[in-house]
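Descriptive structure summary
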Amino acid sequence: MAQIRIENVRKDFGSFNAVKSSTFTIEDGEFFMLLGPSGCGKTTTLRMMAGLELPTSGEIYIDGEEVGQKPASQRDIAFVFQMFALYPHMNVGKNISYPLRCQGLSKAEVTKKVGEIAEILGITDILNTPVGGLSGGDRQRVALGRAIVRDPKAFFMDEPLGALDAEFREHMSEELRALHDRMNATTVYVTHDQLEAMQMGDKIVVMNHGVVEQFGVPQDIYDWPATKFVAQFLGSPAMNFLDFNGMIGSGGNEVRLNDIPLSVPTSIEGTNGAMSLGVRPEHVRLDDTAKYRGRVKATEYLGTTQIVTLETANGDIKARVGSADKVRVGDQTGLSFDPRTITLFDADTGVALRSQANEGVLNYG
Amino acid sequence: MSFSVTEPAKGTKWIAGFLVISYACITLVPLLWIIATGFKSPADSIAYPPVVLFEPSVEGYVNLFTERTRATPEMLEAAGPADTWYDEIVRERGTIISGPSRYGERFLNSVIIGFGSTLLCMILGTMAAYAFSRFKVPLKDDLLFFILSTRMMPPIAVAIPIFLMFRNLGLNDTHLGMILLYTAVNLSLSVWLLKGFIDEIPIEYEEAALIDGYTRFQAFYKVVLPQAATGIASTAIFCLIFAWNEYAFAVLLTSGTAQTAPPFIPTIIGVSGKDWPAVAAGATIFLVPVMVFTILLRKHLLRGITFGAVRK
Ligand SMILES: Nc1ncnc2c1ncn2[C@@H]1O[C@H](COP(=O)(O)OP(=O)(O)OP(=O)(O)O)[C@@H](O)[C@H]1O
Ligand SMILES: [Mg+2]
């Protein structure tokens, strides 16, 4: 088991820059999520850690050793591919034992080890079946078996649940997390599903266009996004942005939108100009006494809650309120925002202003 | 009445079956003709209208494998009674066996050259196709086009330069020369076919093997080769069929030591009149190896022809 450190890693494919100078650290035993939209460089980053792709520049440390330019076979890691890459010409047992067979273990040792792994994964009864007819879940288990059988320093998984249908994903993700908790192996997991990332991860790094936007524990990233991109990518519906021109000084805790004062966490940075006030839908309350006003445009019933879309002078926002609340389209209503949860962004750069609330969790790559 | 996209209607099935069987019959007639002629007597073999029911004889096969000389009754007397069944057949025609024919040697040459060039072609073709499929080869597209362009004219069009080249290199009438020639002709098709098959194999399989600690070469022969088996088998059949049946180069470049069966079989005619049964016997035996090879690899061939569409 090992700590993995990525320092200033960059990857170019010809003239195309797929990953721009990334830096982050994965602690020993962590379940670490690489999250981002399609094409943002998650797979490329993971493949560089695994040694399937060599970084154009930068260093990768596994267990303190610099491995950036070493081939995959010398890194002692395991990789679970999205399409599982089970060898179709071998049965389940052979697939699982395949990584062991190049290590010169005796037949008895191999059989014993495969038996143990099959036990853990609950696939003892299918060891002798060919992999061709297996269900998605069983293929997934076999792929995991092949990964864990070798006791590698770290596990790398590229959207391992992507090939499964939605219902089964849920189940497998729980199984996967339970397996991790049992083995405590450093795991790096690529996904574009923000829910999966928040559910399963100890830590998340959010990437966009080859740039690490933020990394940290899921709650910090959700509550205190470092950029507007992160704020929008996590959460459903995404964070609301109220765009306005205004100013806030260092130490200030109030901004004025259309001359209506709104409290915000005490700012550390000051700025003057175009800003966005970010607030999550669940922190917006419909409160007729509030000065800030909006008009209900639409409501969306979700069972226990409903999502209300409101039109305001600073753009549309969504509020998540109890489904029992009576809201009618066309209503004028006051809106209040929980001041402890607000993040201010510089509208031009999209970067969050530092405040006493988010200080210390804005980790950029 | 229900309709289905995949299940043809009953009437359609009958028509399809009828068409397939008639087509098979039409293509099989020449083959059956050859096989039958091999077992006819010389008289039956040229009878008109052709005899369909005849008394089978192995004379053609005996003539195929022997050299015979015409013998006067005194010579036959002097030679004493025939001591084998084939001696007897030969003597009934007033001839005696003077020695074995060259058919065996020529057949062996065909086997050595046909299978040898197929093997070499598969080894080189698989490796080249793998490289084209997986690595960044400079000028890859141009090279592939160039390789294919060698098949844009009939190979025999370059017969004269090849003949001169072979003469200067001392490859005329050698097994090595013919193996190299057939390999060169077949290689372009092989590389293209095999590249298609290898492209179909997800690269993740090799990457998984690399991560598991195998070397690139081990990944190639433990993971890629077994999965390319279908493609290799069907490509091998194409190569063998070409090398086995090739006539023009064989006539031009071989005459003795390395002569293959195709240019030899017609020469059987001339020994003693028009010996069609012997020619037919030679052709029949000549068919066997390719047929056996194809039947052995049939399962792969059928799947291979669909170019991986079924494999997943
Ligand atoms: N071998 C390659 N050659 C050229 N460009 C590549 C190569 N591999 C990846 N890219 C490009 O690099 C960018 C990042 O790719 P990557 O596969 O890392 O994205 P990803 O975040 O994993 O996306 P997805 O969610 O779609 O898997 C993409 O624009 C992709 O087209
Ligand atoms: Mg990817």
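Residues numbered from 1 in each chain as written. Chains lettered and ligands numbered in written order. Predicted model: local features only at pLDDT ≥ 70, side-chain atom pairs only at ≥ 80, totals over all residues. Heavy atoms only, no water.

1. Comments concerning the overall build of chain A
- When its secondary structure is counted, chain A shows eight helices and 20 strands.
- Referenced to the eigenvectors of the C-alpha coordinate spread, the extents of chain A come out at roughly 80 × 45 × 35 Å.
- Counting over 365 residues, chain A shows a buried share of 54%.
- Here the contacts in chain A between residues at least 6 apart in sequence split such that 66% fall between residues at least 24 apart. (Helix = DSSP H or I, 4+ residues; strand = E, 2+ residues; numbered from the N terminus. Buried < 20%, exposed > 50% of the residue type's maximum accessible area, 1.4 Å probe, protein only. Contact = heavy atoms within 4.5 Å.)

2. Overview of the pattern of salt bridges
- Scanning all chains against the criterion turns up 27 salt bridges over all chains.
- The salt bridge partner of Glu196 of chain A is Arg169 of chain A, with a shortest N-O separation of 3.0 Å. Of this pair, Glu196 of chain A sits in helix H6 (residues 194–200) while Arg169 of chain A sits in helix H5 (residues 166–183), and the two are 27 residues apart along the sequence.
- Given the relative accessible area of 5%, Glu196 of chain A is considered buried.
- Asp181 of chain A serves as the salt-bridge partner of Arg177 of chain A, at 3.0 Å between the closest nitrogen and oxygen. Of this pair, Arg177 of chain A and Asp181 of chain A both sit in helix H5, four residues apart, roughly one helical turn.
- Take Arg177 of chain A: its relative accessible area is 19%, and that puts it in the buried class.
- Owing to a relative accessible area of 43%, Asp181 of chain A belongs among the partly exposed residues under this scheme.
- Put simply, Arg47 and Glu53 of chain A together with Glu207 of chain B are held in one network by salt bridges that share partners. (Salt bridge = Lys/Arg side-chain N within 4 Å of Asp/Glu carboxyl O.)

3. Overview of the domain arrangement of chain B
- Partitioning chain B into structural domains gives domain 1 (71–98) and domain 2 (104–267).
- On a C-alpha basis, the centres of domain 1 of chain B and domain 2 of chain B stand 48 Å from each other. (Domains from an automatic or database assignment.)

4. Here we look at the domain arrangement of chain A
Residues and elements named next belong to chain A.
- Annotation of chain A at the domain level lists domain 1 (4–223) and domain 2 (235–346).
- Taken together, the contact between domain 1 and domain 2 spans five residues of the former and five residues of the latter.
- Of the roughly 390 Å² buried between domain 1 and domain 2, counting both surfaces, carbon and sulfur atoms make up 32%.
- The largest share of the area that domain 1 buries against domain 2 comes from Gln194, Tyr222 and Asp223, three residues that together contribute 97% of it.
- At the surface where domain 1 touches domain 2, the tally comes to zero salt bridges.
- At the boundary of domain 1 with domain 2, the tally comes to three residue pairs in polar contact (both at pLDDT 80 or more).
- Listing elements by their share of the side of domain 1 that touches domain 2, those giving two or more residues are H6 and helix H7 (218–223).
- Here the side of domain 1 that touches domain 2 is built from residues that sort into three nonpolar, one polar and one charged. (Buried area = accessible area lost by both parts, 1.4 Å probe. Polar contact = N/O pair within 3.5 Å; in protein donor to acceptor, adjacent residues only side chain to side chain. Nonpolar A, V, L, I, M, F, W, Y, C, P; charged D, E, K, R; others polar.)

5. Some words on the interface of chain B and chain A
- With 15 residues of chain B at the interface, the matching set in chain A holds 21 residues.
- Together, the buried faces of chain B and chain A total about 1600 Å²; carbon and sulfur atoms form 65% of this surface.
- Of all residues in chain B, Ile211, Asp212 and Tyr214 of chain B give up the largest surface area on contact with chain A, accounting jointly for 41% of the area buried on that side.
- Remark: the boundary between chain B and chain A carries one salt bridge.
- With a shortest N-O distance of 2.7 Å, Glu207 of chain B and Arg47 of chain A are connected by a salt bridge.
- Counting every contact that joins chain B to chain A gives five residue pairs in polar contact (both at pLDDT 80 or more).
- When contributions to the side of chain B that touches chain A are tallied by element, the ones reaching two or more residues are helix H10 (204–211) and helix H11 (216–245) of chain B.
- Top element by residues in the side of chain B that touches chain A is H10 of chain B. It accounts for seven residues.
- In terms of residue class, the side of chain B that touches chain A is built from nine nonpolar, two polar and four charged.

6. Examining the confidence of the model for chain B
All names here are of chain B.
- Here chain B averages 87 in pLDDT, and 94% of its residues register 70 or above.
- Confidence scores differ between elements of chain B, with helix H15 (residues 298–305) showing the lowest mean pLDDT of 66 and helix H6 (residues 103–134) the highest of 96.
- Scored below 50 in pLDDT, residues 306–312 makes 11 contacts in the model with residues more than four places away or belonging to other chains.
- Here the complex is predicted with pTM 0.80, and the ipTM for its interfaces comes to 0.79. (pLDDT = per-residue confidence, 0-100.)

7. A few points about a positive patch on the surface
- Judged by side-chain charge, Lys94, Arg101 and Lys107 of chain A together with Lys222 of chain B come together as a positively charged surface patch.
- Tracing the backbone through its elements, the reader meets Arg101 of chain A in helix H2 (residues 92–101). (Patch = residues over 30% accessible without salt bridge, like charges linked within 9 Å, V, L, I, M, F, W, Y side chains within 5 Å. Areas by Shrake-Rupley, 256 points an atom, 1.4 Å probe, with all protein chains shown as cover. Lys, Arg positive; Asp, Glu negative; His and termini not counted. Charge placed at Lys NZ, Arg CZ, Asp CG, Glu CD.)

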